[in-house]
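Spelled out from the first residue to the last, the chains are:
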Amino acid sequence: CLLAYPSAPERHDYFVSFLVAAQSIRNSGSQYDIVALVYGQIDEADKALLREQNIKMVRVGSVGSSLKENPEAFDLTTAAIYRAKMPVLQLVEYEMVLSFDADVVFHKNCDDLFDTSLDFVGRQGSNSPFNAGLYLVRPSWQALVDLHDIANTLSFDISNGWLEHGPIADWRSPQIA
């Protein structure tokens, strides 16, 4: 789970929600590691709480150029969503990673999801194809570099996608599998 500035007062509720989600994973019987991807500041008390809960912490940075450098080049919502999801690809010590938002609560064990040969499994979100609260991904430095290079071009627009690849398909369409 990606936690941005988890100790900031306005973000601390999200941190607490993450702890609830992590406990729900444990309660489901999963034996897999739980990892908090931390972007920004985290105070010592919150670090200690993660250690107490046997949650690993990995510090991550931003991917691509700052949106503040050229905000006109992006549809901010879509670009921000894609960029926020990229750091999970850094977890190359894991064969597969189930990424989740802190507002997800697990009601049953999901360990069998890791038994896939696919590199990405997820349901497309309502705001963008990659705005999913839960998805499975095979971490890869090469994929991260490729996505970073694309994100760093500042050439995204809603009509032509990144690098003039074409428009993003309407993810609300029932024809997309």
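A brief report on the enclosed structure follows. (Residues numbered from 1 in each chain as written. Predicted model: local features only at pLDDT ≥ 70, side-chain atom pairs only at ≥ 80, totals over all residues. Heavy atoms only, no water.)

## Here's the deal with the overall build of the chain
Put simply, the test is: Labels follow the DSSP assignment, with helices taken as runs of H or I lasting at least four residues and strands as runs of E lasting at least two, numbered in each case from the N terminus. Burial classification: accessible surface area is computed with a 1.4 Å probe over protein chains only, and a residue below 20% of its type maximum counts as buried, one above 50% as exposed, and the rest as partly exposed. Note on contacts: a residue pair qualifies if any of its non-hydrogen atoms lie within 4.5 Å across the two residues. For accessible areas, the Shrake-Rupley method is used with a probe of radius 1.4 Å. Any residue's cover is judged against the shown protein chains and nothing else.
Counting its regular elements, the chain contains four helices and six strands. Sequence-ordered secondary structure for the chain, helices as α and strands as β, is β-α-β-α-β-α-β-β-β-α. Within the chain, the fraction of its 177 residues that count as buried is 40%. At a minimum sequence separation of 6, the contacts of the chain that also span at least 24 residues come to 61%. Accessible surface computed for the chain: about 10200 Å², of which carbon and sulfur atoms make up 53%.

## A closer look at helix H1 (residues 12-27)
Filter applied, for reference: Here the expected span of a helix is defined as 1.5 Å times the quantity of residues minus one.
In this model H1 runs 23 Å from its N-terminal to its C-terminal C-alpha over 16 residues, within 8% of the 22 Å that 1.5 Å per residue would give. Those residues of H1 that sit buried are Phe15, Phe18, Leu19, Ala21, Ala22, Ser24 and Ile25. Where H1 ends, the next residue or the one after it, Gly29, has phi of about 95°, a positive value.

## Describing a nonpolar patch on the surface
What counts is decided by this rule: Patch building starts from residues that exceed 30% relative accessible area and form no salt bridge, then joins like charges within 9 Å and nonpolar side chains (Val, Leu, Ile, Met, Phe, Trp, Tyr) within 5 Å. Here a salt bridge means any side-chain nitrogen of Lys or Arg lying within 4 Å of a carboxyl oxygen belonging to Asp or Glu.
Taken together, the side chains of Val16, Val20 and Val105 present a nonpolar region at the surface, about 230 Å² in accessible area. Relative to the helices and strands, Val16 is located in helix H1.

## A word on the pairing of strand S4 (residues 97-100)
Selection rule: If DSSP finds at least two bridges between two strands, the strands pair.
Neither face of S4 is left uncovered, since the one carrying Val97 and Ser99 and the one carrying Leu98 and Phe100 both have all their residues buried. By the bridge criterion, four bridges tie S4 to strand S6 (residues 134-137) in an arrangement that is antiparallel. Bridged to Phe100 within S6 is Leu134.

## Focus: the pattern of salt bridges
By the definition in use, this model includes four salt bridges. With its nearest N and O atoms 3.2 Å apart, the salt bridge here joins Glu44 to Lys47. Of this pair, Glu44 and Lys47 both sit in helix H2 (residues 44-52), three residues apart, which is roughly one turn of the helix. Given a relative accessible area of 52%, Glu44 falls into the exposed group. The shortest N-O distance in the salt bridge between Glu95 and Arg138 comes to 3.7 Å. Taken together, the residues Glu95 in the loop between helix H3 (76-85) and S4 and Arg138 in the loop between S6 and helix H4 (141-151) connect sequence positions 43 residues apart. Linked through salt bridges whose partners overlap, the residues forming this network are Glu95, Asp119 and Arg138.

## Quick word on the pairing of S6
Taken together, the three bridges between strand S5 (residues 120-122) and S6 define a ladder with antiparallel strand orientation. Each residue of the ladder has a partner; that of Gly122, found in S6, is Tyr135.

## Some remarks on the environment of Gln31
The condition is simple: Nitrogen and oxygen atoms within 3.5 Å of one another constitute a polar contact, given that in protein one can donate a hydrogen and the other can accept it, and given that sequence-neighbouring residues count only through two side-chain atoms.
Mapping Gln31 onto the fold places it in the loop between H1 and strand S2 (35-39). Exposure remark for Gln31: the relative accessible area of 71% places this residue in the exposed category. Sequence separation between Gln31 and Asn109 is 78 residues, and the spatial gap between their C-alpha atoms is 9.7 Å. A distance of 3.2 Å separates a polar atom in the side chain of Gln31 from the backbone oxygen of Gly29.

## Some thoughts on the sheet that holds strand S3 (residues 56-59)
Defined as follows: Simply put, an axis is a line fit to the C-alpha atoms, just over the touching stretch for a helix, and the angle between two N-to-C directions goes from 0 to 180 degrees.
Reading across from one edge, S1-S2-S3 is the order of the three strands in this open sheet, with parallel pairing throughout. At either end of the open sheet lies a strand with only one pairing partner, and these are strand S1 (2-4) and S3. Averaged over all pairs of adjacent strands, the angle between strand axes in this sheet comes to 30°, irrespective of strand direction. Here four bridges tie S2 to S3, and the two strands are oriented parallel to one another.

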